[in-house]
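Descriptive analysis of the structure
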Amino acid sequence: MPIYEYRCSACGHQKDHLQKMSDAPLTTCPACGAETYSKQLSAAGFQLKGSGWYATDFKGSSGSSPKAEATKSESPAPTPCGGSCACH
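Just so you know, these numbers come straight off a predicted model, no measurement behind them.

Thresholds, definitions, all that
Residues numbered from 1 in each chain as written. Predicted model: local features only at pLDDT ≥ 70, side-chain atom pairs only at ≥ 80, totals over all residues. Heavy atoms only, no water. Helix = DSSP H or I, 4+ residues; strand = E, 2+ residues; numbered from the N terminus. Buried < 20%, exposed > 50% of the residue type's maximum accessible area, 1.4 Å probe, protein only. Areas by Shrake-Rupley, 256 points an atom, 1.4 Å probe, with all protein chains shown as cover. Core = buried A, V, L, I, M, F, W, Y, C linked by side-chain atoms within 4.5 Å. Contact = heavy atoms within 4.5 Å. Pairing = 2+ DSSP bridges. Axes fitted to C-alpha atoms, helices over the stretch in contact; angles between N-to-C directions. Patch = residues over 30% accessible without salt bridge, like charges linked within 9 Å, V, L, I, M, F, W, Y side chains within 5 Å. Salt bridge = Lys/Arg side-chain N within 4 Å of Asp/Glu carboxyl O. pLDDT = per-residue confidence, 0-100.

**So, the overall build of the protein chain**
Looking only at helices and strands, the protein chain features 1 helix and 3 strands. Secondary structure of the protein chain in N-to-C order comes out as β-β-β-α. Counting all 88 residues of the protein chain, 11% fall into the buried class. With the model as given, the accessible surface of the protein chain reaches about 7200 Å², and the carbon-plus-sulfur share is 56%.

Set out below in structure tokens:
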């Protein structure tokens, strides 16, 4: 469930609320009771970069994790795309 940031324009009270996407927006301020509580526009908490999350999964690691060791020892299976796409 996403976390939404709300702010009251009457008293300035600000709070984060965990809500389902299908839930109706909150309108009543929990601090002052005014009907001026509204959802704020905020930045996403993550960024997607590069060709996939595996590219940076163990960045800077010298093979100290079991997953990194398993990846090094296994030879990749042949794929139609050559393994250079995001589907592998």
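**Remarks on the nonpolar core**
Counting residues in each nonpolar core, the largest one holds 5 residues, listed as Tyr4, Tyr6, Cys8, Cys29 and Tyr37. Each residue touching Tyr6, except ones within four places of it in the same chain, is listed here: His13, Gln14, Lys15, His17, Gln19, Pro25, Leu26, Tyr37, Ser38, Lys39 and Gln40.

**Observations concerning the sheet that holds strand S3 (residues 37–39)**
The strand order across the open sheet built from 3 strands is S2-S1-S3, with neighbouring strands paired in antiparallel fashion. A strand with exactly one partner marks an edge of an open sheet, and here the two such strands are strand S2 (14–18) and S3. Pairwise comparison of adjacent strand axes, ignoring direction, gives a mean angle of 35 degrees for this sheet.

**Topic: a nonpolar patch on the surface**
A cluster of nonpolar side chains, namely Met1, Ile3 and Leu18, defines an oily patch on the protein surface of about 370 Å² accessible area. Position of Met1 relative to the elements: it lies in the segment before strand S1 (3–8). By relative accessible area, Met1 is classed as exposed at 64%.

**Structural notes on the pairing of S2**
Alignment of S1 against S2, held across 5 bridges, turns out to be antiparallel. In the sheet register, Glu5 faces S2, and the bridge partner there is Asp16. Between the antiparallel neighbours S1 and S2 lie 5 residues, among them Gly12 with a positive phi of about 85 degrees.

**A short note on the environment of Asp16**
Structurally, the position occupied by Asp16 is in strand S2. In the structure, Asp16 is positioned 23 residues away from Lys39 in sequence and 9.4 Å away in space, judged by C-alpha atoms.

**Observations concerning the confidence of the model for the protein chain**
Averaged over the protein chain, the pLDDT score is 76; the fraction of residues at 70 or greater is 50%. The least confident element of the protein chain, judged by mean pLDDT, is helix H1 (residues 66–73) at 52; the most confident is S3 at 96.

**Looking at the side chain of Gln19**
Examined against the element boundaries, Gln19 turns out to sit in the loop between S2 and S3. Classification of Gln19 as buried rests on a relative accessible area of 6%.

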